[in-house]
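Residue-level listing of the chains:
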Amino acid sequence: MDDRFILVGQVDGKLSAVYHKNGVSVFSAKISDNEITAVCCEEQDEDDNPIFYAGDSEGNLYTVNKKGKVLATAKVEKRKGQIHTIVNRNKYSIYAYTSGGNTSFSHATTDFRKGNFSTASANYSFDGDGTFHKKKGAGDYNVIQYDGRTPTKVVATCAIEFGKKLKNFEQVFAYAVIDEEYENMIEEGTAENSIQVLNANSKKIRTLEFKSPVKQVMSCRHHEGDAETDKIYILLWNGMLYKCTGAMLMDPEVANGALDLKVAVMEEDDEDEDDDKGEYKGFCVFGKKICIYGNDGLFTADVKDD
């Protein structure tokens, strides 16, 4: 999602975009025979020529224009894993994050040149008792690191890390369990309902306890233009979406009880935060718009000022 469009990838290989101002369809095109597992809007494109990116379950990457036409394609080797996240790097340049690491690409609207591959984002793991390891294979489940400014497809998120300062704010990275077997623990009610918050030296600042496992985290600290704001959003498996100020969350002097952690979106029929909706798969926040997607389609809401 960006300041104008909501971009959605579907299991049947279709890529669709709508205007989030009024929900009017921009395009819907079948670009692959495989499930679309990651999408991203180009952050630095022109108003009269918006560009979109998508990745599928076989490692294929697509650059698509406003008419739904595929302009260029590239591929991540299957042995490097399924594409979970696409992140803007520079204009018409992206990173594709997989279960095996991340690959850089440039000139995405023309010859889609492949750059370097790094395993750094995949060197983590997680145990069934909630122990987080900064070593691949040490834990029961594989974990990847993802950039919190971009939506991602994951099973659960076990940690948040505040990195080096970039422009106005410290970067926000999240660590996500990607093994689908971990869903069994979530459904059984034995999975961790907490998330660790780490500093740039990987030292734990705090642990946040919730009533359901954390699905996904998103940071608005490094969004383009007016969409930049110091807010961190946390989606739980039960469908509850929370928000918190990043400066407070990363400050070890601020106690958990003093955080401005609050529900970001409350549906009209919501009366109990313990109610398990169990239908949401992920979300995106950009500017004044929130989009949550799940089994029942898309749910959009406006960001409320504090």
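Our structure is the block above this text.
All residue numbers here refer to positions counted from 1 along the written sequence of the relevant chain. Only residues with pLDDT of at least 70 are given local features in this predicted model, and only at 80 or more are side-chain atom pairs given and counted; all residues enter the totals for whole chains, interfaces and linings. Note that water and hydrogens are dropped before the side-chain values are worked out from all heavy atoms of the structure.

**Topic: the environment of Ala 138**
Thought 1: Helix and strand definitions here come from DSSP, where helices need a minimum of 4 consecutive H or I residues and strands a minimum of 2 consecutive E residues; each element is numbered from the N-terminal end. Along the chain, Ala 138 falls in the loop between β13 (132–133) and β14 (141–147).
Thought 2: Counting along the chain gives 14 residues from Ala 138 to Tyr 124, while the straight-line C-alpha distance between them is 7.9 Å.
Thought 3: Any two residues whose heavy atoms approach within 4.5 Å at even a single point are treated as in contact. In this structure, Ala 138 is in contact with Ser 125, Asp 127 and His 133, ignoring residues within four places of it in sequence.

**Remarks on the sheet that holds strand β17 (residues 194–198)**
The strands making up a sheet associate through hydrogen bonds between their backbones, and the pairing can be parallel or antiparallel.
Thought 1: We call two strands paired when DSSP finds no fewer than two bridges between them. Strand order in the open sheet formed by 7 strands is β13-β12-β14-β16-β15-β17-β18, and the pairing between neighbours is mixed. Of all strands in the sheet, those bounded by a partner on one side alone are β13 and β18 (204–209).
Thought 2: Looking at chain direction, strand β12 (residues 124–126) and β13 are connected through 2 bridges and run antiparallel. Within β13, the position partnered with Ser 125 by the bridge is His 133.

**Brief notes about the packing of aromatic side chains**
Thought 1: Only Phe, Tyr and Trp rings are paired, with Trp represented by its six-membered ring, and only when their centres lie within 6.5 Å; those with planes under 30 degrees apart are stacked, over 60 edge-to-face, the remainder tilted. In this structure the tally under the stated criterion is 11 aromatic pairs.
Thought 2: Measuring from ring centre to ring centre gives 5.7 Å for Phe 27 and Phe 52, while their planes differ by 55°; the resulting arrangement is tilted. Remark: Phe 52 occurs in strand β5 (residues 51–56) and Phe 27 occurs in strand β3 (residues 25–30); sequence separation between them is 25 residues. With respect to burial, Phe 27 and Phe 52 carry one shared label: buried.
Thought 3: Seen from their ring centres, Phe 210 and Tyr 242 are 5.5 Å apart, and the 40° between their planes marks the pair as tilted. Of this pair, Phe 210 sits in the loop between β18 and β19 (214–219) while Tyr 242 sits in strand β21 (residues 241–245), and the two are 32 residues apart along the sequence.
Thought 4: Taken together, the ring pairs connect Phe 5, Tyr 19, Phe 27 and Phe 52 into an aromatic cluster.
Thought 5: Only when the NZ atom of a Lys or the CZ atom of an Arg is both within 6 Å of the ring centre and within 35 degrees of the ring normal do we say a charge sits over the ring. Over the aromatic face of Phe 117 sits the side chain of Lys 80, whose NZ or CZ is 4.1 Å from the ring centroid.
Thought 6: Here the guanidinium or amino end of Arg 89 rests over the ring plane of Tyr 95, the centre of that ring lying 5.6 Å away. Only protein chains enter the calculation, and the probe is 1.4 Å; a residue is then buried if its accessible area is under 20% of its type maximum, exposed if over 50%, and partly exposed in between.

**Considering the sheet that holds strand β20 (residues 231–236)**
Thought 1: Pairing is antiparallel in the open sheet, where 4 strands are placed in the order β19-β20-β21-β22. With partners counted over all chains shown, the strands left at the sheet margins are β19 and β22 (262–263), one partner each.
Thought 2: Note: β21 against β22, 2 bridges, orientation antiparallel. Its bridge partner being in β22, Tyr 242 is matched across the sheet by Val 263.

Function cannot be read off these values alone, since they describe shape.
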